[in-house]
Amino acid sequence: MKERIVRAVAGTMVLTSIALAYAININWLWLGVFVGLNLLQSAFTKFCPLELILKAAGVKD
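Residues numbered from 1 in each chain as written. Predicted model: local features only at pLDDT ≥ 70, side-chain atom pairs only at ≥ 80, totals over all residues. Heavy atoms only, no water.

Visitor: So, the environment of Ala10: which residues are in play, and what are the values?
Guide: Tracing the backbone through its elements, the reader meets Ala10 in helix α1 (residues 2-23). Along the sequence, Ala10 and Gly58 sit 48 residues apart, while their C-alpha atoms lie 20 Å from each other. Excluding residues that lie within four positions of it along the chain, Ala10 makes contacts with Val35 and Leu39. (Helix = DSSP H or I, 4+ residues; strand = E, 2+ residues; numbered from the N terminus. Contact = heavy atoms within 4.5 Å.)

Encoded structure:
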C-alpha cells in the first residue's frame, strides 16, 4: 500500500508543479525536479522520506 501512495503523491506533485509553472511562475518546475531527484535517489538508497511519514501514520505495507 505504501508504494502505491508514494507513487500517487509523486505523480500528483509533478503534475501540480507543471500546472503551477504554467499558471503562476516557471520556477515552480523546481518542485518537479526535486520530486524526480528524490525518486531517483530512493531507487538507489531505498530511503524515502514519505515512507517514514506513512509508517509513522500507521499505513500498512
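Visitor: So, the side chain of Ser17: which residues are in play, and what are the values?
Guide: Tracing the backbone through its elements, the reader meets Ser17 in helix α1. Using a relative accessible area of 1% as the deciding quantity, one classes Ser17 as buried. Of the polar contacts made by the side chain of Ser17, one reaches the backbone nitrogen of Gly32; its length is 3.1 Å. Contacts of Ser17, omitting those with residues within four sequence positions, involve Trp28, Leu29, Leu31 and Gly32. (Buried < 20%, exposed > 50% of the residue type's maximum accessible area, 1.4 Å probe, protein only. Polar contact = N/O pair within 3.5 Å; in protein donor to acceptor, adjacent residues only side chain to side chain.)

Visitor: I'd like to hear about α1, residue by residue, with values.
Guide: Note: α-helices contain 3.6 residues per turn, so residues at a spacing of three or four share the same orientation. With 22 residues, α1 extends 31 Å from end C-alpha to end C-alpha; this agrees with the ideal 32 Å at 1.5 Å per step. Of the residues making up α1, those classed as buried are Lys2, Val6, Ala10, Ser17 and Ala21. Taken end-on, α1 shows its buried residues confined to a sector of 75°, consistent with a single buried face. More than 90 degrees from the buried face of α1, the exposed residues found are Arg4, Arg7, Leu15, Tyr22 and Ala23. In the core, the buried residues of α1 are packed alongside α2 (29-45) and α3 (49-57). (Expected span 1.5 Å × (residues − 1). Arc of directions from axis to C-beta.)

Visitor: Any details on the packing of α1 against α3? Residues and values, ideally.
Guide: Across the interface, α1 lies against α3 with an axial gap of 10 Å and an inter-helix angle of 125°. Taken together, α1 and α3 sit at an angle that is classed as oblique. For the element pair α1 and α3, the recorded crossing hand is right-handed. On α3, the residues that touch Lys2, Ile5, Val6 and Val9 of α1 are Leu50, Glu51, Leu54 and Lys55. (Axes fitted to C-alpha atoms, helices over the stretch in contact; angles between N-to-C directions. Parallel < 35°, antiparallel > 145°, perpendicular 65-115°, else oblique. Left-handed = near helix turned anticlockwise from the far one by under 90°.)

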